[in-house]
Amino acid sequence: MDKCTICPHKCMIDRTKNFGRCKAGNKIEIGGVSLHKFEEPCISGENGSGTIFFSKCNLNCVFCQNYEISNLGNGRKIEVEELANIMLKEQENKAENINLVSPTIYADKIIEAIKIAKLNGLNIPIIYNTNGYESIETLKSLEGFIDVYLPDLKYYYEEIALKYSNIKNYFEIATNAIKEMYRQVGVPHFNEKGMIIKGLIIRHLVLPNNLENTKKVLEWIKENIDKDVYVSVMTQYFPTYKANEYSEINRKLTKEEYQEIEDYIYKLDIQNGYMQDYSDENEEQYVPKWDY
Ligand code: SF4
């Protein structure tokens, strides 16, 4: 592609010669591969989710837990065929699914890798685990290749999207993307082991001192998305990367904040989903060791 328009930034640059906002080149780059046990229960299951972490990102979140690969850009360049082989190896290792983390900026190449892997026997569900900043055209090109969409809906308020992720129009773009994802895969379906095989799960990370943002996000989901879609409210936030430059998010959630959001979920009568237990522990356990 000589004018990259994969994501809504639409940088229109030739990635073989120049870098756009995401700083990704023309080759896929990965930060790590693992059988990940810290996803939602219907994704991790007993064996773990066959997670492939992609390097670089089209957002620049100041609190990114994966900043070493997303923002600092560490990673290893691989060919499409190697990505297909990684997927097949994950299946061989009994992964419950293939979990593509921050895949957006390589979406065109990921489709090629999935085609090769499927021709060679890949038959476990494929999960598209994204920050939600997606273009509708790219999502349409993924139709039929992705079984489960796992988008974030990070921000309702423009002001904090700009402040923490340097992004404009996030809410409008992410909500339109989520509607397209729902059109493609619908409500979650599970197999006999309770593992998701198809459908949409919307994630939201609660930020300290930003509870109104979380409430607005939950309200939008309640009012606009099928009640059978799952909502995953994540409370694992801990300050990392550049979060210490923003005093209001330079701490974990308090027990009171956690309780307030839990109460609000009940008040809205959100039927399906997950909320992590409150924990004082060091949540860095959720961050993989990057092996590139
Ligand atoms: S994928 Fe990267 S280069 Fe392409 S439009 Fe998005 S930010 Fe720009």
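Let me begin by describing the structure that accompanies this report. (Residues numbered from 1 in each chain as written. Predicted model: local features only at pLDDT ≥ 70, side-chain atom pairs only at ≥ 80, totals over all residues. Heavy atoms only, no water.)

### A look at the packing of helix H8 (residues 211-224) against helix H9 (residues 255-268)
In contact at an axis separation of 11 Å, H8 and H9 are set at 20° when each is read in the N-to-C sense. When the interaxial angle is binned, H8 and H9 end up roughly parallel. Along this stretch, H8 crosses H9, giving a crossing that reads as right-handed. Note on element contacts: H9 touches H8 through Glu-257, Glu-260, Ile-261, Tyr-264, Ile-265 and Leu-268, opposite Leu-211, Thr-214, Lys-215, Leu-218, Glu-219 and Lys-222. When grouped by side-chain class, the residues that make up the contact of H8 with H9 number six nonpolar, one polar and five charged. (Axes fitted to C-alpha atoms, helices over the stretch in contact; angles between N-to-C directions. Helix = DSSP H or I, 4+ residues; strand = E, 2+ residues; numbered from the N terminus. Parallel < 35°, antiparallel > 145°, perpendicular 65-115°, else oblique. Left-handed = near helix turned anticlockwise from the far one by under 90°. Contact = heavy atoms within 4.5 Å. Nonpolar A, V, L, I, M, F, W, Y, C, P; charged D, E, K, R; others polar.)

### Examining the site of the ligand
Neighbouring the ligand are the residues Cys-4, Ile-6, Cys-7, His-9, Lys-10, Cys-11, Arg-15, Gly-20, Arg-21, Cys-22 and Ile-105. Here the shell around the ligand is composed, by residue class, of six nonpolar, two polar and three charged. (Near = heavy atom within 4 Å.)

### Some details on the nonpolar core
General note: in soluble globular proteins, nonpolar side chains tend to be found buried as a group. Phe-63, Met-87 and Leu-153 are the most contacted members of the largest nonpolar core, which has 80 residues in total. The leading source of residues in this core is helix H7 (residues 170-185), at eight residues. Apart from the residues within four sequence positions on either side, Phe-63 is in contact with Tyr-155, Tyr-164, Leu-205, Leu-207, Tyr-237, Thr-240, Ala-243 and Ile-249. Counting residues in hydrophobic clusters, the runner-up holds eight residues, among them Cys-42, Val-148, Leu-150 and Ile-196. (Core = buried A, V, L, I, M, F, W, Y, C linked by side-chain atoms within 4.5 Å. Buried < 20%, exposed > 50% of the residue type's maximum accessible area, 1.4 Å probe, protein only.)

### Concerning the pairing of strand S4 (residues 98-101)
With burial as the criterion, each face of S4 is covered, one bearing Ile-98 and Leu-100 and the other bearing Asn-99 and Val-101. Of the pairings in the sheet, the one linking strand S2 (residues 49-54) to S4 comprises four bridges and is parallel in character. Counted as the bridge partner of Thr-51 is Asn-99 from S4. Sheet analysis places S4 next to strand S5 (residues 126-130), joined by four bridges and oriented parallel. Bridge pairing links Asn-99 to Ile-127 in S5. As a crossover connection, the stretch from S4 through helix H4 (residues 107-119) into S5 is right-handed. (Pairing = 2+ DSSP bridges. Right-handed = clockwise from strand over helix to strand, strands pointing away.)

### A closer look at the pairing of strand S6 (residues 148-151)
Judged by which residues are buried, S6 turns out to be covered on both faces: Val-148 and Leu-150 on one side and Tyr-149 and Pro-151 on the other are all buried. Pairing analysis gives four bridges linking S5 to S6, with the strands arranged parallel. When the sheet's bridge partners are listed, Tyr-128 is paired in S6 with Tyr-149. Taken together, S5, helix H5 (residues 136-142) and S6 constitute a β-α-β crossover, and its handedness is right-handed. As defined by bridge partners, S6 adjoins strand S8 (residues 196-205) across two bridges and the pair is classed as parallel.

### Points about the side chain of Asp-14
Among the structural elements, Asp-14 can be located in the segment before strand S1 (28-36). Residues in contact with Asp-14, not counting those within four places in the same chain, are Met-1 and Asp-2.

### Re the side chain of Ser-44
Tracing the backbone shows Ser-44 in helix H1 (residues 41-44). Within the structure, the side chain of Ser-44 is placed 2.9 Å from the backbone nitrogen of Glu-39, a separation counted as a polar contact. With near-sequence residues (within four places) excluded, Ser-44 lies in contact with His-36, Lys-37, Phe-38, Glu-39, Ser-49, Glu-96 and Met-195. (Polar contact = N/O pair within 3.5 Å; in protein donor to acceptor, adjacent residues only side chain to side chain.)

### Considerations on the packing of helix H3 (residues 80-92) against H4
The geometry of H3 relative to H4 is characterised by a closest axis approach of 8 Å and an angle of 55° between their N-to-C directions. By the criterion of interaxial angle, the relationship of H3 to H4 is oblique. Note that H3 runs across H4; the crossing there is right-handed. Residues Val-80, Glu-81, Leu-83, Ala-84, Met-87 and Leu-88 of H3 form the contact with H4, whose participating residues are Lys-109, Ile-110, Glu-112, Ala-113, Ile-114, Ile-116 and Ala-117.

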